[in-house]
Amino acid sequence: MGQVSFKTNLASAKKTFVQDNALKKLIQTTGIILTGSTGASLMNFVSFTVMANQLGPKVLGLFVLTQSYTAIVNGILNVQTWESIVKFGHLEKSKSDFSNVVKVNFLLDLISAFVAFVVSLIMVKPSVIFFKWDPAIVQLVFLYSFTIPVTLTSFTIGVPRLFDKFSAVAKIQIATAALKLVLVLTVAYFNYSVSYYVGVYLIAESLNSVLLIIYSLFLLKTRGYGGWLKIKMTYYPQQLIFVWWTNLRTIMRIPVQYSDMVIISMVMSLETVGMYKVYKEIASFIGRVGDPVNQAIYPEYARMIGSGEKGAAISLAKKTIFLLFCLSVGMTVGLIICSEFIVVRFYGVSFLPLIDALYILVGLMGVSLFTLPVNALFLAAGFARTGFYIVVFTNILYLFTAFYFGKLFGIYGIITAFGIQMVINQGLKVILLGMYRSGWSDTIR
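Analysis parameters
Residues numbered from 1 in each chain as written. Predicted model: local features only at pLDDT ≥ 70, side-chain atom pairs only at ≥ 80, totals over all residues. Heavy atoms only, no water. Helix = DSSP H or I, 4+ residues; strand = E, 2+ residues; numbered from the N terminus. Buried < 20%, exposed > 50% of the residue type's maximum accessible area, 1.4 Å probe, protein only. Contact = heavy atoms within 4.5 Å. Areas by Shrake-Rupley, 256 points an atom, 1.4 Å probe, with all protein chains shown as cover. Polar contact = N/O pair within 3.5 Å; in protein donor to acceptor, adjacent residues only side chain to side chain. Salt bridge = Lys/Arg side-chain N within 4 Å of Asp/Glu carboxyl O. Expected span 1.5 Å × (residues − 1). Axes fitted to C-alpha atoms, helices over the stretch in contact; angles between N-to-C directions. Parallel < 35°, antiparallel > 145°, perpendicular 65-115°, else oblique. Left-handed = near helix turned anticlockwise from the far one by under 90°. Nonpolar A, V, L, I, M, F, W, Y, C, P; charged D, E, K, R; others polar. Phe/Tyr/Trp six-rings, centres within 6.5 Å; stacked < 30°, edge-to-face > 60°.

1. Quick notes on the overall build of the protein
Moving on, step 1. Across its full length, the protein holds 16 helices and zero strands.
Moving on, step 2. Taking all 445 residues of the protein together, 53% fall into the buried category.
Moving on, step 3. Within the protein, contacts between residues at least 6 apart in sequence are counted, and of these 84% link residues at least 24 apart.
Moving on, step 4. By element, 69% of the accessible surface of the protein is carried by carbon and sulfur atoms, the whole surface being about 19,800 Å².

See below:
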């Protein structure tokens, strides 16, 4: 009798998954993105591997700090508007209201990108002095900062996701990744210095952004929104409040995303910075699976919640978490088994001394993968202000624990701080989603 009941429940669960159209669409969209981005990811991985082998841990550390500095300045000052485009683009039905959403977010994007670019150039020398970095970083940052002016997330991320044009984005990413690989191999062949690699990344990343901007403008025109820039702009409080709080949250997430490299550079050697960057690249194999899911799932949540289908959004989140958990277990175990081989084969024994840190990092990335739908649902449900407070609390905690544990335990302390931050961040979001079950479509909390 028990066996029959088990088989019945299993069949019922299977039927529920199979017949869920939203889940089918999510899996299909994720598959399209993953198929396209896998090629780009592999080429980017090869590009980084060639560069790491050529430069070695210490000089690679200079490149990493250049990227980290630019990303921190860009993250703090360049307003990230793509989430606003997706959320309010799904809510606004009339052509004028939608065009207004696009124009408001574009202007915020453009002005803040220019400010971030100028500040990046002005602050690099004081930063080098303060953090006691190698003065060679100044020249590298001056070059790499030119990626900032074209980082307009309204068009590079928001518009393509709003119209579900994931495959086209993947094709652009593959093309620019292929160009980057060719240029990196050329630089490696002629044994050029680190500044040439920075130039290669500048060309590839800027071209990727420009092509996405052109494609987004084409999408807007073909969908009947070609005159969006000419309309009289109207400020909607809810939209500006959402942008304000999501950007404060983005700024406060920077310590976890980028400051680990800066902290390591303050309490450890440049060699350690280089090794940790390699470990993050390997662990990001799991993150590269999560990125397509995140790209696909947030617009779907926004659509469901905007249409009043809150229950469907919650159901989709639960099913997605279950599927990602199964995938995460397999990927985590497999990557841990292969990690030492990958390091030795592709990077060399000079990157091997702290290999245990890589095992721990891979495990944490596995947990991050299957809890990913929580972040997207939390934001789509309007928890922009609350999300900011959560990030403030958990990232201040991260900064203190990372610096303190980093001095005590080295690279393992940094990873421990990341694990603590992640668990508390996700846990609080799950609790708050359970506490506030109403007003997801019309209230910014």
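Anyway, onward from the coordinates.
2. Observations regarding the side chain of N395
Moving on, step 1. As for its position among the elements, N395 is in helix α15 (residues 384-409).
Moving on, step 2. A polar side-chain atom of N395 sits 3.1 Å from a polar atom in the side chain of Q421.

3. What to know about the pattern of salt bridges
Two side chains that carry opposite charge are able to pair once their charged atoms sit near each other.
Moving on, step 1. Counting across every chain of the model gives one salt bridge.
Moving on, step 2. Put simply, K277 and E281 hold a salt bridge, and the shortest N to O gap is 3.6 Å. Here K277 pairs with E281, and both are found in helix α11 (residues 270-306), just four residues apart, close to one helical turn. No difference in accessibility class separates K277 from E281, as the two residues are buried.

4. Overview of unusual backbone geometry
Moving on, step 1. Positive phi, close to 60°, is recorded for K132, a residue that is not glycine.
Moving on, step 2. Structurally, K132 can be placed in the loop between α4 (95-131) and α5 (136-144).
Moving on, step 3. At N191, a residue that is not glycine, the phi angle is positive and equals roughly 60°.
Moving on, step 4. For N191, the position within the fold is in the loop between α7 (166-189) and α8 (194-222).

5. Regarding α8
Moving on, step 1. For α8, which comprises 29 residues, the first-to-last C-alpha distance of 42 Å matches the rise-based estimate of 42 Å (1.5 Å per residue) to within 8%.
Moving on, step 2. Immediately downstream of α8, the backbone of G224 shows phi near 95°, a positive value.

6. Description of the environment of F370
Moving on, step 1. Here F370 is to be found in helix α13 (residues 355-370).
Moving on, step 2. Placed 45 residues apart in sequence, F370 and F325 show a C-alpha to C-alpha distance of 4.8 Å.
Moving on, step 3. In this view, F370 contacts I321, L324, F325 and S328; residues no more than four positions away in its chain are not counted.

7. A few points about the packing of helix α6 (residues 153-162) against α8
Moving on, step 1. In contact at an axis separation of 8 Å, α6 and α8 are set at 40° when each is read in the N-to-C sense. Taken together, α6 and α8 sit at an angle that is classed as oblique. Judged by the sense of rotation from one axis to the other, the crossing of α6 with α8 is left-handed. Between α6 and α8, the residues in contact are F155, T156, V159 and P160 and S209, L212, I213, S216, L217, L219 and L220, respectively.
Moving on, step 2. Taken together, the residues that form the contact of α6 with α8 break down as eight nonpolar, three polar and no charged.

8. Section: the packing of aromatic side chains
Moving on, step 1. Per the stated rule, a full pass over the model turns up 22 aromatic pairs.
Moving on, step 2. Taking 4.9 Å as the distance between ring centres and 85° as the angle between the ring planes, the aromatic pair formed by F130 and F131 counts as edge-to-face.
Moving on, step 3. Here F130 falls in the exposed class, since its relative accessible area comes to 61%.
Moving on, step 4. Assessed through its relative accessible area of 23%, F131 is described here as partly exposed.
Moving on, step 5. With centroids separated by 6.0 Å and ring planes inclined at 55°, the aromatic side chains of F405 and F409 adopt a geometry described as tilted. With a gap of four residues between them, F405 and F409 both fall in helix α15, about one helical turn apart.

9. A few points about the environment of L212
Moving on, step 1. Structurally, the position occupied by L212 is in helix α8.
Moving on, step 2. C-alpha of L212 to C-alpha of T153: the two residues are 59 residues apart in sequence and 9.6 Å apart in space.

10. Some details on the environment of V391
Moving on, step 1. Relative to the assigned elements, V391 resides in helix α15.
Moving on, step 2. On the basis of relative accessibility, which here comes to 1%, the residue V391 falls in the buried class.

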